[in-house]
Amino acid sequence: MRIDIITGVPELLDSPVNHSIIKRARDKGLAEVHIHNLRDHSKDKHKKIDDYAFSGDAGMVLNIQPIDDAIDALTREREYQEIIYTTPDGAPFRQHTANQLSTCENLIFLCGHYKGIDQRVRDHLVTRELSIGDYVMTGGELAAVVMVDCIIRLIPGVLSDETSALTDSFQDGLLAPPVYTRPADYKGWRVPDILLSGNAAEIEKWKFEQSLERTKKLRPDLLHDRP
Ligand code: ADE
């Protein structure tokens, strides 16, 4: 998979993209992540990428020209399945969104910044708008990192235990069951006996019941939205 991230603040993406799961996927040759500085595409003599809103509202708006040129340079080279704009008023990014995007070959993320982006970018250039939650961050860079992390860890071979992503919370519409490790008894706080029984079928049943119980208690809304 190849992911291209277009941003006015590339520095914000340096650390996450060069460390963590994203780096591991890159090192294994399973994912490529390329960062593009919007300023490199600006035709303004001062390399400006934003301007005042025609409406007179406070706050700068990202110009369409550098964005159009950055997207054009990429789409000339290869076909992209989605051009995603990160914005708080986008559709909610969920686990099923990550699952679907992890099957794509090429994706572009366009990070919003400042007060917004020229509406014509949204109308004509992007194919999808996604939000990581109902709160407003200064820019879309951290949102893009969150989404890229979620997507990349689902690519087969990225996680050392390939099946582990399948048992994540949300994967089947439920929260994950609790997990325990040694020692079986710590200061009298015991691991549930069932987990020490060696009975695989009973353990699976227990895990499902725990998932259901946890979801009912902590996130009852998920039970209504369950696929
Ligand atoms: N940019 C600013 N806030 C955001 C959010 N919640 N999700 C996606 N992009 C954003």
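About the cut-offs
- Residues numbered from 1 in each chain as written.
- Predicted model: local features only at pLDDT ≥ 70, side-chain atom pairs only at ≥ 80, totals over all residues.
- Heavy atoms only, no water.
- Helix = DSSP H or I, 4+ residues; strand = E, 2+ residues; numbered from the N terminus.
- Buried < 20%, exposed > 50% of the residue type's maximum accessible area, 1.4 Å probe, protein only.
- Contact = heavy atoms within 4.5 Å.
- Areas by Shrake-Rupley, 256 points an atom, 1.4 Å probe, with all protein chains shown as cover.
- Near = heavy atom within 4 Å.
- Polar contact = N/O pair within 3.5 Å; in protein donor to acceptor, adjacent residues only side chain to side chain.
- Nonpolar A, V, L, I, M, F, W, Y, C, P; charged D, E, K, R; others polar.
- Patch = residues over 30% accessible without salt bridge, like charges linked within 9 Å, V, L, I, M, F, W, Y side chains within 5 Å.
- Salt bridge = Lys/Arg side-chain N within 4 Å of Asp/Glu carboxyl O.

(A) Seen up close, the overall build of the chain. Each helix and strand in the chain was counted, giving 8 helices and 10 strands. Principal axes of the C-alpha set define a box for the chain whose edges measure 70 × 40 × 35 Å. Counting over 227 residues, the chain shows a buried share of 40%. Contacts spanning at least 24 positions in sequence make up 74% of the contacts within the chain whose residues lie at least 6 apart. Accessible area of the chain: about 13,500 Å², with a carbon and sulfur share of 52%.

(B) Structural detail: the environment of Glu 105. Examined against the element boundaries, Glu 105 turns out to sit in the loop between α4 (95-101) and β6 (106-111). Among the residues examined, Glu 105 registers a relative accessible area of 57% and is labelled exposed. Here the alpha-carbon distance between Glu 105 and Ile 3, two residues 102 residues apart in the chain, equals 8.4 Å. Once residues lying within four places of it in the same chain are set aside, the contact partners of Glu 105 are Met 1, Arg 2 and Gln 81.

(C) Up close: the site of the ligand. Near the ligand there are 13 residues, and of these Thr 87, Ile 132, Gly 133, Tyr 135 and Met 137 occur at the shortest range. One of the backbone nitrogen or oxygen atoms of Ile 132 is found 3.0 Å away from a nitrogen atom of the ligand. Within the backbone of Gly 139, a nitrogen or oxygen atom sits 3.5 Å from a nitrogen atom of the ligand. When the free accessible area of the ligand is taken as 260 Å², the share hidden by the protein chains comes to 97%. Elements that contribute at least two residues to the shell around the ligand include exactly β5 (82-92) and β8 (128-131). If one sorts the elements of the shell around the ligand by residue count, β5 sits on top with 3 residues. Across the shell around the ligand, the residue classes break down as 7 nonpolar, 6 polar and no charged.

(D) Highlighting unusual backbone geometry. Cis geometry marks the peptide bond from Arg 182 to Pro 183; its omega dihedral reads 5 degrees. For Pro 183, the location among the structural elements is in the loop between α6 (141-152) and β9 (185-186). Even without glycine at this site, Lys 187 takes up a positive phi of about 55 degrees. Relative to the helices and strands, Lys 187 is located in the loop between β9 and β10 (189-190). Given a relative accessible area of 66%, Lys 187 falls into the exposed group.

(E) Looking closely at a nonpolar patch on the surface. Together, Leu 12, Tyr 135, Met 137 and Leu 142 give the surface a local cluster of nonpolar side chains, amounting to about 350 Å² of exposed area. Residue placement: Met 137 occurs in the loop between β8 and α6.

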